[in-house]
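This is what each chain is made of:
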Amino acid sequence: MNKEREKISFSGIQPSGDLTIGNYLGAIKNWVGLQKDFYAYYCVVDLHAITIRQDPKELRERTLKNLAIYIASGLDPDKNTLFIQSHVPAHSEASWLLNCYCYIGELSRMTQYKDKSQKAGESVSAGLFTYPVLMAADILLYDTNVVPVGNDQKQHVELARDLAIRFNNLYGQTFVVPEPYIADSGARIMDLQNPDKKMSKSIDNPNAYILILDSPDVIKRRINRAVTDDIGVVRFLDKQPGISNLINILGAITNKSYKDIEKDYDGIGYAQFKEDVAQALIEELKPVQSRVKEILADKSYMEKTYKDSAERANYVANKTLRKMQKKIGLIIR
Ligand code: ATP
Ligand code: LTN
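This one's a predicted model, so the numbers in the text were calculated from it and none came from an experiment. (Residues numbered from 1 in each chain as written. Chains lettered and ligands numbered in written order. Predicted model: local features only at pLDDT ≥ 70, side-chain atom pairs only at ≥ 80, totals over all residues. Heavy atoms only, no water.)

Trainee: For the site of ligand 1, give the residues involved together with the corresponding values.
Mentor: In the vicinity of ligand 1, 21 residues are found, and the nearest of them are Lys116, Asp152, Lys198, Ser200 and Ser202. Within the contact set of ligand 1, a nitrogen atom lies 3.3 Å away from a backbone nitrogen or oxygen of Gly22. Residue Ile189 places a main-chain N or O atom 2.6 Å away from a nitrogen atom belonging to ligand 1. Starting from 590 Å² of accessible surface for ligand 1 in isolation, the protein chains cover 97%. With four residues, helix 1 (residues 21-34) is the largest single contributor of residues to the shell around ligand 1. Here the residues of the shell around ligand 1 are counted per class, giving six nonpolar, 10 polar and five charged. (Near = heavy atom within 4 Å. Polar contact = N/O pair within 3.5 Å; in protein donor to acceptor, adjacent residues only side chain to side chain. Areas by Shrake-Rupley, 256 points an atom, 1.4 Å probe, with all protein chains shown as cover. Helix = DSSP H or I, 4+ residues; strand = E, 2+ residues; numbered from the N terminus. Nonpolar A, V, L, I, M, F, W, Y, C, P; charged D, E, K, R; others polar.)

Trainee: Mind laying out the site of ligand 2, listing which residues take part and the relevant values?
Mentor: Neighbouring ligand 2 are 13 residues; Gly12, Tyr131, Met135, Asp138 and Gln153 lie closest to it. The side chain of Tyr131 places a nitrogen or oxygen atom 2.6 Å from a nitrogen atom of ligand 2. Residue Gln153 places a side-chain N or O atom 3.0 Å away from a nitrogen atom belonging to ligand 2. When ligand 2 sits alone it has 370 Å² of accessible area, and the protein chains cover 92% of it.

Right, dumping it as structure tokens:
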């Protein structure tokens, strides 16, 4: 095994909506790149998704579809552990334990909680509030070294670090202290209609996002309708957030810097630029889309994959959980 592969990366995405190109370019594509250097645990975090009300049938379908997208995007289930969070009960148990070491003040400062609880109005679940503690449990159970996430999740990974350090200080070395891993390009793909906000899978306006499984026609239409400006030059500038977002998308696909893209489009108008961004996306997503179809059609392959993975994940997670229980003073049976 590559020496570096002894290091662990862990990440997850909620099956709270169909996955967008924000999830793909900001998360999954980086995961694929990291698998040569790290042993990866990537999961579909269904327990996080239920912090907001989900339709049971849709949740089941999406959980499997998202797992298929992980595999279709190039994550190898034989070389990594690609699993469903609720298949490993240790996450819920460790989350309770860590809840007892996390302060209400810390959770109140989380920007994702502030945003989401505002939208949920009166009916904010306690789960939404303690969401980052479950995320810390996810990460810490696997001796994770790096956590590849988009910028918006950095604050949550920092809480996981703080909890790990706090626990280690109280009880002696127990957890590896994880680092967030934020890739430069694609780190933040913005809403196509409102480029000051991040693109998100649980937003109502479909013109605001592009899904990984959207057809070429839909992709073209969404990019065409993406908000730009009347400046007319392809530049990566604060006053051109719409165009900057499209540059970012193209850069994340082609690995080109924004400076190179600016040069390529010197003197070229928005219509051509948008056509090229749409085409690049269509080409990037085409092989993923056809693999997803094949994988989902093969029910026994899917089932075997998530069952084998759950077995591996349970083994590692239970070991860490037992270590926590012992240190805290619980009786081990
Ligand atoms: P929701 O709308 O349900 O809150 P989301 O689309 O924001 O979800 P998450 O499940 O919260 O997605 O995030 C999954 C991963 O995808 C995280 O690592 C997150 O940082 C990344 N991600 C999500 N949206 C974007 C985006 N617009 N740009 C870059 N990365 C993103
Ligand atoms: N909260 C994350 C999803 C998530 C996660 C994790 C990411 C849950 N558990 C552990 C990294 C590591 C989000 O992207 N919204």
